[in-house]
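Letter by letter, the chains look like this.
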Amino acid sequence: MATATLVNQEIEEGKRLIDVLNAAGLSVDSALWIYSSERET
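Cut-offs and rules
- Residues numbered from 1 in each chain as written.
- Predicted model: local features only at pLDDT ≥ 70, side-chain atom pairs only at ≥ 80, totals over all residues.
- Heavy atoms only, no water.
- Helix = DSSP H or I, 4+ residues; strand = E, 2+ residues; numbered from the N terminus.
- Areas by Shrake-Rupley, 256 points an atom, 1.4 Å probe, with all protein chains shown as cover.
- Expected span 1.5 Å × (residues − 1).

Undergrad: Any details on the overall build of the protein? Residues and values, ideally.
TA: A count of helical and extended segments in the protein gives one helix and zero strands. A total accessible area of about 4,100 Å² is found for the protein, and carbon and sulfur atoms account for 54% of it.

Undergrad: Now, about helix α1 (residues 8-23): what can you tell me, with residues and values included?
TA: Over its 16 residues, α1 extends 22 Å from the first C-alpha to the last, a length consistent with the 22 Å expected when each residue adds 1.5 Å. One or two positions beyond α1, positive phi appears at G25, with a value near 90 degrees.

Undergrad: Which residues make up the environment of K15, and what are the values?
TA: Within the secondary structure, K15 sits in helix α1. Here the alpha-carbon distance between K15 and A31, two residues 16 residues apart in the chain, equals 9.5 Å.

Here you go:
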């Protein structure tokens, strides 16, 4: 099970990404972070 925690910087970067996508005319209905413990994937 994943134990990593998102920090404020990552959350803010995600919000900025959503804002940029919306400004480009791409409607974002939902967003999520996926944690993979395998670094190569």
